[in-house]
Protein chains: 6
Amino acid sequence: MPSETTKTVYRQWVIEEYVLEKEPFYLPVADEIQLFEAAYAQKIPVLLKGPTGCGKTRFVEYMAYKLGRPLTVVKSRSKKDEEPQEVHGVPLVTVACHEDLTGSDLVGRYLLEGDGTKWIDGPLTRAVKVGAICYLDEVVEARKDTTVLIHPLTDHRRILPIEKRGELIEAHDGFLLVISYNPGYQSALKDLKQSTRQRFVSIEFNYPPKQLEAKIIQHESNVSEEMAQDLARLGEKVRNLKEHGLQEGASTRLLIYAGKLIEKSISPRRACQVAVVWTLTDDLEVQRSVEELVSTIFE
Amino acid sequence: MPSETTKTVYRQWVIEEYVLEKEPFYLPVADEIQLFEAAYAQKIPVLLKGPTGCGKTRFVEYMAYKLGRPLTVVKSRSKKDEEPQEVHGVPLVTVACHEDLTGSDLVGRYLLEGDGTKWIDGPLTRAVKVGAICYLDEVVEARKDTTVLIHPLTDHRRILPIEKRGELIEAHDGFLLVISYNPGYQSALKDLKQSTRQRFVSIEFNYPPKQLEAKIIQHESNVSEEMAQDLARLGEKVRNLKEHGLQEGASTRLLIYAGKLIEKSISPRRACQVAVVWTLTDDLEVQRSVEELVSTIFE
Amino acid sequence: MPSETTKTVYRQWVIEEYVLEKEPFYLPVADEIQLFEAAYAQKIPVLLKGPTGCGKTRFVEYMAYKLGRPLTVVKSRSKKDEEPQEVHGVPLVTVACHEDLTGSDLVGRYLLEGDGTKWIDGPLTRAVKVGAICYLDEVVEARKDTTVLIHPLTDHRRILPIEKRGELIEAHDGFLLVISYNPGYQSALKDLKQSTRQRFVSIEFNYPPKQLEAKIIQHESNVSEEMAQDLARLGEKVRNLKEHGLQEGASTRLLIYAGKLIEKSISPRRACQVAVVWTLTDDLEVQRSVEELVSTIFE
Amino acid sequence: MPSETTKTVYRQWVIEEYVLEKEPFYLPVADEIQLFEAAYAQKIPVLLKGPTGCGKTRFVEYMAYKLGRPLTVVKSRSKKDEEPQEVHGVPLVTVACHEDLTGSDLVGRYLLEGDGTKWIDGPLTRAVKVGAICYLDEVVEARKDTTVLIHPLTDHRRILPIEKRGELIEAHDGFLLVISYNPGYQSALKDLKQSTRQRFVSIEFNYPPKQLEAKIIQHESNVSEEMAQDLARLGEKVRNLKEHGLQEGASTRLLIYAGKLIEKSISPRRACQVAVVWTLTDDLEVQRSVEELVSTIFE
Amino acid sequence: MPSETTKTVYRQWVIEEYVLEKEPFYLPVADEIQLFEAAYAQKIPVLLKGPTGCGKTRFVEYMAYKLGRPLTVVKSRSKKDEEPQEVHGVPLVTVACHEDLTGSDLVGRYLLEGDGTKWIDGPLTRAVKVGAICYLDEVVEARKDTTVLIHPLTDHRRILPIEKRGELIEAHDGFLLVISYNPGYQSALKDLKQSTRQRFVSIEFNYPPKQLEAKIIQHESNVSEEMAQDLARLGEKVRNLKEHGLQEGASTRLLIYAGKLIEKSISPRRACQVAVVWTLTDDLEVQRSVEELVSTIFE
Amino acid sequence: MPSETTKTVYRQWVIEEYVLEKEPFYLPVADEIQLFEAAYAQKIPVLLKGPTGCGKTRFVEYMAYKLGRPLTVVKSRSKKDEEPQEVHGVPLVTVACHEDLTGSDLVGRYLLEGDGTKWIDGPLTRAVKVGAICYLDEVVEARKDTTVLIHPLTDHRRILPIEKRGELIEAHDGFLLVISYNPGYQSALKDLKQSTRQRFVSIEFNYPPKQLEAKIIQHESNVSEEMAQDLARLGEKVRNLKEHGLQEGASTRLLIYAGKLIEKSISPRRACQVAVVWTLTDDLEVQRSVEELVSTIFE
């Protein structure tokens, strides 16, 4: 029906042309930026290890921006007549891996077309061709055919076989494969095989130290410096509870959520209950322990 | 065969144009409306937790109506010449999740067409584009690829990758993802991963308090105020039986069903037997316990 | 090869135009007819519980006939020039559920056509559109996506989402969903979830009492009243054996089969052996116990 | 390559036109012929129970021939100009069931055609339409959707729903469903559900008595009467070994094989070793026991 | 790319026209040739039992050659202008069975063509039509639907139902089904069902006796008679080790491999290490035992 | 969008035309080159056994280069006007096997085309036709149908059946099948069946001796001779830790990675931490043990 009236403008990109428009907010913890730069220069694939929400994705975005080759103009599809926009950074192709992710999802597939079929490159092939950073998030979740697929891309050959087309493609010089992995999660069943692991250098991540985290919270949620420090303090205390029934600590993101609710006039205790306590666990006892931490900080 | 004679008129909508026509009947229990408004304003995804039939779906419908941007005209498809109708509310796209729900079911798929294929947006893509509230009911039931799919939509990026088309779509400003989850149900196997949970603020729900529930029953089933209170009393008592063999308490809906049967001249005890006792359990002993509760109220 | 010579006439219907041509033979046990009428009037979905062959299917057929709106003319497809025939009853769409029944089987699917694809409504969509009674027999056998599919149809919304078409359909006023379920069968794995159960009122069925069953046997198999009573007596005795190794009692249908064989000059004892004993079990000892019951009645 | 030279004539039939050309050789054991005739007259589906190779298939072929309606002319496809041939019998459609047999395999499926799709009836639909006997051999092996499919065909309705076409087909008067089942085989997992069993009368089969079996062996393998009796004696003795490690006794077919090898100048002991001993088991000790039986008969 | 330059000539056949061009080298152990001839004459299917590499495949090839009907001319596809070549033997269609082999793989399937679909006969259908020997190697590995498929081909009917086409095909007179099976392998899960076994006569095979094996080794690898006898001696000794941790003995093929390496100037001990020791097992201790045997023969 | 601006040049090959352009750097450990040459001359398939990263893939590349027939000109696809380039070596077709690799992935499949379907040869068929070395890496990972597929290619027949096309293809003279296998990995479930193993000669590999490994590290990472020897020393010590909780030793590749990071000014200890310690294991205690080894070498 009269959908024109409700029609709205949305922006979209070709996957391999997605370049960050402004510098992502990232505060380094150690020499991780130098390590990544060395690996990128030597074309060594990188494995990022660390817990949920500790900043791995943000780090890759930052590096993609920072390593930026002098880049061309890109504009979003929906704004055709707009002026080309100066962008900066290596294109970043991110794939969130899951149990049903197959090799075809990464490499590409044939599609029926007018008279015959048309090949559509998958995100990995796109990244290989344009020289993007390809970030496979939580790679162990994917089906096994995907891990094997990346083998010839991650040794001296740097080639991607596209068996359905009978082709081999050599990776563009700018291409780098980055994968992430949460060691806290993995079961024996879903481990990264040694024959895959030993194709990467590994950088271990953890939650940011309290002072750094407070700065991040303040920057992202707009709360006062004091409130940000209180929230960072809560984060630290909650993570110490991890041994006492919490599956995982509160991510920085949850603390930012609390801050954002507070900015909308929700009381700090209620905001923390909704953003942190109820989100972290369904267990009533563990909820009570976390709420106690909340009330020691926000009386 | 002569199907014209049996042909009947039915109404249908384009999914993303489904807007509630009148204000849903909803009685708030606490500050859940304020919390949802704050989250919507800050674009923080919302997780609703609570038992079967406690009103989560109704709450989302109410919020979609209440948050209504000044909205355009929409009319149902089957009434083409009818006058456009003033409607109110954010479009609401609801997806009941299940074990076989895949990412393609949410995002979209290619369909064979005259000469070639045609892409059909799935409900999530539709919601992302028009700025609807997308409500994924019982999200843990879905296949794992769906939970991963919503990750880039629920962090600072707010983008939906459509890998089969090689595209990224940025969510419309009005878009919000809401998911629901019944903590009583979940087994270890079907839990919401922390890396998914920690992308939401969480609001916990429970059955409405007795006085409120009586009002709802009366409003929905048309029984007398007294009868409604009796039924609400039954609800409360049955829920207390939960420890004694009942898998879950009686939902408000079942009490309304009993009221509706009573309105059609079925005796209250028989109505409660059919709507509550036999529906809740097949276990003869538990049935007997619930029937005793029924007979203390409706002698 | 010359298939014209063996060609024979068979009758066929469009599924949603299947209306019973004459009143099904049904003898009520209690107030089940009134309960069903009240539920139908209030648009409350109905769950029928009971053992194999106790008459649930027949009851639904009877109600579909009895609730008959003044109905139009329908004729079977194969008799094109025949006069339209007066029929009576709500259309009845029956789906026997099984492990491989998917949502698409119920809702519909696309079919390749000349140039493009054509949508074919599934039986549930057909029932929703014309206002039929849709009877899902042994619903727990179906795949989980089907149970979730019926959720929006069985609450206040009464809508059927057809996600592959991006549409929502509102059920016709005459539509009612009826499901059946054999509590004796269910294992923990194949139980009806509470979130599904609590969308129905439930009517429990059992085998008909002896006098009633004798009348049914006589009516269906044409045996003498005395023989019918003997067979009903056998039924009663066999069901009492259930604790002693019989998985389930003999259904009325088996007793009718025995009667029909007797009508074709098979001796009563042989008829009962073939229709009841050998059908109920492969266990030699249990067979012997049932045969003893047979021989006490038909010496 | 020059396939014309090796091209040979083979005969083929349309499935539902397969009628036996001459009376199958069948020697009745008890009143099974009368029972089947009564069931066929009353349209009661038949379940045949019994061990491997005891003659169930042959019995169905015999009954199909014997129940023969005055039948039309049929000729095999490859002999187009030949004179129509007088045949006799109800068409017999046999389906050997297996783990991957689905409902579509029985009912039919759409096939892509020039411009659009073409529906191909499956063997069950063919049998339903022409009034054939449809014999589902080892029905419990099939997938569960097939057992449910036959439910509406095996109660008073005698209809076959073809959901993919949105049609119901009423079975031709001559149609009868016959299924077979080997009780020795069945595990708990692969049992016939009571709701399926109780739609049939059951006839139990066993190996033929020795005198009868000797006649069959002589008729089929052409050996002397004495040799046939020796082989039948061996069969009887081997079946008595069943408790001592043999999974199942030797079928009549194996004894016939032995006879046929003997007819080709293989010595009786060697023929029995090859046809019976090595075929029945891989277990050396059990082989030795059976060979001893062989040597007591054929010294 | 310039593929013409690397283009090479290879030979190919239509499957059912594959006839052996020269007599396979086969040395009989007992009366297996007479047994196979008798079975072929009587159209009795044959089951070959025996360990890996004991010569079952070679035996079938030999029999196909030997049973040769006066045969027509066949030439390989790639040599179109060449003179037709005199060949000899029954066509031999071999199918190596595996876990994913389905009935369609054997019988045939529809393929999309210009306008519509085209049926492609599978290897079994091809063999049935031209009267080839169809050899299903390691038949228990195949999916269950395949074993059931061969039932009507292996009893008195000798017909192949092609359900997807609604046809029955009668086997050509020359057709014979041969299956093989390694009893040492089979687990309870992957056993040949009695209802399948009892359709065959069975011939048991084992490794050839030492003198015979030496002749084979000499013939195939070209080593001296003495070296061949040494290698055959090694084979015999290794097979005696089977109880001591070896899963299976060394096949004749491995001894031939050793001979062939020796012919290329690899020392006998190194050749045996590479062809026998390291191939048979990864277990260091078992490797040492086998190497000791090697060194007693080749000091 | 304006993708021309970001368009970059990448190289690609037809799979079976992939020939190494320069001699791979390979230092032999024993007589493995002679063994492979003898096997290739005698057309005996080769199985390479050994741990992750010990050089199996590099060895096959080296042999493909070394065995080079006088070869034709090949140029990469993207440089159409460039001069043909002299290359050397047997084409090498590598397939990294995985759990979802099916026979069709190796042999080929039909693809929809303008009017009809087009057959696309898989990598194995391509290798068979042009006479390439086909290297199936980690073959036990593949589905079982693939292992059976290679049986007729690895005995005296050397043919590849393409059942979907009804064809047999005889392997080109230059074709050789090479498979690899990591005995440390294999579980009982994923073992190479004896009937497959016994079609190969086997060459066992291990990590290179320290002096050799130092040369390789120096050559590949460009570090000083001394640094290379330190890294090789670390490799040796880490491998000795294998009994103490390390799943597998550090591959030569990881030592090269460390060298490359050192070349980019990362300190040796940090480089070893990132390339060796964190990559090998997530276990904190094992990490500490490995770090101690690092600090004894790089104080």
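Keep in mind that what you see is a predicted model, and the values were worked out from it rather than measured.

(A) How the structure looks around the relation of the copies chain F and chain A. Rotating chain F by 60° about the axis while translating it 0.0 Å along that axis superimposes it on chain A, leaving an RMSD of 0.0 Å. The operation mapping one copy onto its partner corresponds to a six-fold rotation axis. Mapped onto chain A, only 5% of the interface residues of chain F are again interface residues, and the two copies thus contact each other with different surfaces.

(B) Structural view of helix 5 (residues 123–130) of chain D. Residue and element names in this part refer to chain D. The buried fraction of helix 5 amounts to eight of the eight residues, a majority that puts the element mostly inside the structure. Buried residues of helix 5: Pro123, Leu124, Thr125, Arg126, Ala127, Val128, Lys129 and Val130, and no others. Positive backbone phi, approximately 80°, marks Gly131, located one or two places after helix 5.

(C) Here's a closer look at the pairing of strand 10 (residues 167–170) of chain B. Sheet topology places strand 1 (residues 12–14) of chain A next to strand 10 of chain B; three bridges connect them, and they run antiparallel. Counted as the bridge partner of Gln12 of chain A is Ile169 of chain B from strand 10 of chain B. Note: strand 9 (residues 159–162) of chain B against strand 10 of chain B, four bridges, orientation antiparallel. Of the residues in strand 10 of chain B, the one forming a bridge with Ile159 of chain B is Glu170 of chain B. Connecting the antiparallel pair strand 9 of chain B and strand 10 of chain B is a turn made up of four residues, with Gly166 of chain B showing a positive phi of about 65°.

(D) Local environment of the relation of the copies chain B and chain C. Expressed as a screw operation, the relation of chain B to chain C combines 0.1 Å of axial shift with a rotation of 60°, fitting to an RMSD of 0.0 Å. Comparing interface residues between copies, only 5% of those in chain B also sit at the interface in chain C, which points to a heterologous contact through distinct surfaces.

(E) Main features of the interface of chain F and chain A. Between chain F and chain A, the contact holds 60 residues from the first and 56 residues from the second. For the pairing of chain F and chain A, the buried interface totals around 5,300 Å² over both sides, and the portion due to carbon and sulfur atoms is 55%. On the surface where chain F and chain A come into contact, there are four salt bridges. With its nearest N and O atoms 2.7 Å apart, the salt bridge here joins Lys49 of chain A to Asp282 of chain F. Our count for the chain F to chain A interface comes out at 21 residue pairs in polar contact (both at pLDDT 80 or more). Secondary structure elements with two or more residues in the side of chain F that touches chain A: helix 1 (3–6), strand 1 (12–14), helix 3 (56–66), strand 5 (92–96), strand 6 (108–113), helix 5 (123–130), helix 10 (252–263) and helix 11 (268–280) of chain F.

(F) Here's a closer look at the state of the cysteines. Taken as a whole and assessed by the stated rule, the structure comprises zero disulfides over all chains. Its sulfur unpaired, Cys134 of chain F is 8.6 Å from the next cysteine sulfur, which belongs to Cys97 of chain F.

(G) Representation of the pattern of salt bridges. Considering all chains together, one arrives at 96 salt bridges over all chains under this definition. Lys49 of chain A is paired through a salt bridge with Glu204 of chain A; the nearest N and O atoms lie 3.1 Å apart. Residue Lys49 of chain A is located in strand 2 (residues 46–49), and its partner Glu204 of chain A is located in strand 12 (residues 201–204); the two are separated by 155 residues in the primary sequence. Its relative accessible area of 1% is what places Lys49 of chain A among the buried residues. Using a relative accessible area of 29% as the deciding quantity, one classes Glu204 of chain A as partly exposed. The shortest N-O distance in the salt bridge between Lys193 of chain E and Glu138 of chain D comes to 3.4 Å. Remark: Glu138 of chain D occurs in the loop between strand 8 (133–137) and helix 6 (144–149) and Lys193 of chain E occurs in the loop between strand 11 (176–181) and helix 7 (194–197); the pair is interchain, linking two chains. Connected through shared salt-bridge partners, Lys49, Arg197 and Glu204 of chain A together with Asp282 of chain F make up one network.

(H) Representation of the interface of chain B and chain C. Contacts between the two partners involve 60 residues from chain B, matched on the other side by 56 residues from chain C. For the chain B and chain C pair, buried surface summed over both sides reaches about 5,300 Å², with 56% attributable to carbon and sulfur atoms. Summed over the shared surface of chain B and chain C, the number is four salt bridges. Residue Arg270 of chain B pairs with Asp31 of chain C through a salt bridge whose shortest N-O separation is 2.4 Å. Our enumeration of links across chain B and chain C arrives at 21 residue pairs in polar contact (both at pLDDT 80 or more). Looking at the side of chain B that touches chain C, its residues break down into 26 nonpolar, 16 polar and 18 charged.

(I) Structural context of the sheet that holds strand 1 of chain A. A sheet is described by the order of its strands in space; here three strands give the open sequence 1(A)-10(B)-9(B), paired in antiparallel fashion. In the strand order of this sheet, the two ends are held by strand 1 of chain A together with strand 9 of chain B, each with one partner. Going across the sheet, the axis of each strand differs from the next one's by a mean of 20°, ignoring polarity.

(J) Molecular detail of the side chain of Glu248 of chain A. Its location among the elements puts Glu248 of chain A in the loop between helix 9 (225–240) and helix 10 (252–263). Among the polar contacts listed, one links the side chain of Glu248 of chain A to the backbone nitrogen of Thr52 of chain A, at a separation of 2.8 Å.

(K) How the structure looks around unusual backbone geometry. Residues and elements named next belong to chain A. A positive phi angle is found at Lys43, which is not glycine, with a value near 60°. Turning to its location among the elements, Lys43 is positioned in the loop between helix 2 (32–42) and strand 2. The phi dihedral of Glu138 falls on the positive side, at around 50°, and the residue is not glycine. The class for Glu138 is buried, based on a relative accessible area of 14%.

(L) Here's a closer look at the environment of His98 of chain C. Turning to its location among the elements, His98 of chain C is positioned in the loop between strand 5 (92–96) and helix 4 (103–107). Spatially, the C-alpha atoms of His98 of chain C and Glu141 of chain C are 4.7 Å apart, while their sequence positions differ by 43 residues. With residues near it in sequence (within four places) discarded, His98 of chain C still touches Glu141, Ala142 and Arg143 of chain C together with Lys144, Asp145 and Val148 of chain D.

(M) Local environment of the sheet that holds strand 12 of chain A. Residues and elements named next belong to chain A. On the basis of which strands lie adjacent, the open sheet formed by five strands has the order 5-8-11-2-12 and parallel pairing. Each edge of the sheet is formed by a strand with only one pairing partner; in this case those strands are strand 5 (92–96) and strand 12. Across the sheet, the mean angle from the axis of one strand to that of its neighbour is 20°, orientation sign disregarded. As judged from the four bridges shared by strand 8 (residues 133–137) and strand 11 (residues 176–181), these two strands associate in the parallel manner.

(N) Local environment of the confidence of the model for chain A. All names here are of chain A. Looking at chain A, pLDDT values average 85 and 86% of them are 70 or higher. Contacts of residues 1–7 to residues separated by more than four positions or lying in other chains number 14 contacts, the stretch itself having pLDDT below 50. Taken as a whole, residues 72–79 scores under 50 in pLDDT and shows 28 contacts with residues more than four places along the chain or in a different chain. In the predicted complex, the global pTM is 0.80; the interface-specific ipTM is 0.87.

(O) View of the pairing of strand 8 (residues 133–137) of chain F. Residue and element names in this part refer to chain F. Among the five residues that make up strand 8, five are buried, leaving the element largely enclosed by the rest of the structure. Residue alternation in strand 8 divides its side chains into two sets, Ile133, Tyr135 and Asp137 and Cys134 and Leu136, and both sets are buried. Sheet topology note: the strand 5/strand 8 ladder contains five bridges and is parallel. Each residue of the ladder has a partner; that of Val93, found in strand 8, is Cys134.

(P) Local environment of the packing of helix 11 of chain F against helix 12 (residues 284–297) of chain F. Residues and elements named next belong to chain F. Put simply, helix 11 and helix 12 touch, their axes get as near as 10 Å, and they point 145° apart. As helix 11 packs across helix 12, the resulting crossing turns out to be right-handed. Here Arg269, Cys272, Gln273, Val276, Val277 and Trp278 of helix 11 lie close against helix 12, whose contacting residues are Gln287, Val290, Glu291, Val294 and Ser295. Within the contact of helix 11 with helix 12, the residues separate by chemical class into six nonpolar, three polar and two charged.

(Q) Representation of the packing of aromatic side chains. Following the criterion strictly, the structure yields 30 aromatic pairs over all chains and no others. Where Tyr26 of chain F meets Phe59 of chain F, the ring centres are 5.4 Å apart and the plane angle is 45°; that geometry is what we call tilted. Taken together, the residues Tyr26 of chain F in the loop between strand 1 and helix 2 (32–42) and Phe59 of chain F in helix 3 connect sequence positions 33 residues apart. Of the two residues, Tyr26 of chain F and Phe59 of chain F, both sit in the buried class. Among the aromatic residues, ring-to-ring pairing joins Tyr26, Phe36, Phe59, Tyr62 and Phe205 of chain A into one connected group. The lysine or arginine in question, Arg239 of chain D, covers the ring of Tyr207 of chain D, its NZ or CZ lying 4.1 Å from the ring centre.

Rules behind the numbers
Residues numbered from 1 in each chain as written. Chains lettered and ligands numbered in written order. Predicted model: local features only at pLDDT ≥ 70, side-chain atom pairs only at ≥ 80, totals over all residues. Heavy atoms only, no water. Least-squares fit on C-alpha atoms with pLDDT ≥ 70 in both. Contact = heavy atoms within 4.5 Å. Buried < 20%, exposed > 50% of the residue type's maximum accessible area, 1.4 Å probe, protein only. Helix = DSSP H or I, 4+ residues; strand = E, 2+ residues; numbered from the N terminus. Pairing = 2+ DSSP bridges. Buried area = accessible area lost by both parts, 1.4 Å probe. Salt bridge = Lys/Arg side-chain N within 4 Å of Asp/Glu carboxyl O. Polar contact = N/O pair within 3.5 Å; in protein donor to acceptor, adjacent residues only side chain to side chain. Disulfide = S-S within 2.5 Å. Nonpolar A, V, L, I, M, F, W, Y, C, P; charged D, E, K, R; others polar. Axes fitted to C-alpha atoms, helices over the stretch in contact; angles between N-to-C directions. pLDDT = per-residue confidence, 0-100. Left-handed = near helix turned anticlockwise from the far one by under 90°. Phe/Tyr/Trp six-rings, centres within 6.5 Å; stacked < 30°, edge-to-face > 60°. Lys NZ or Arg CZ within 6 Å of the ring centre and 35° of its normal.

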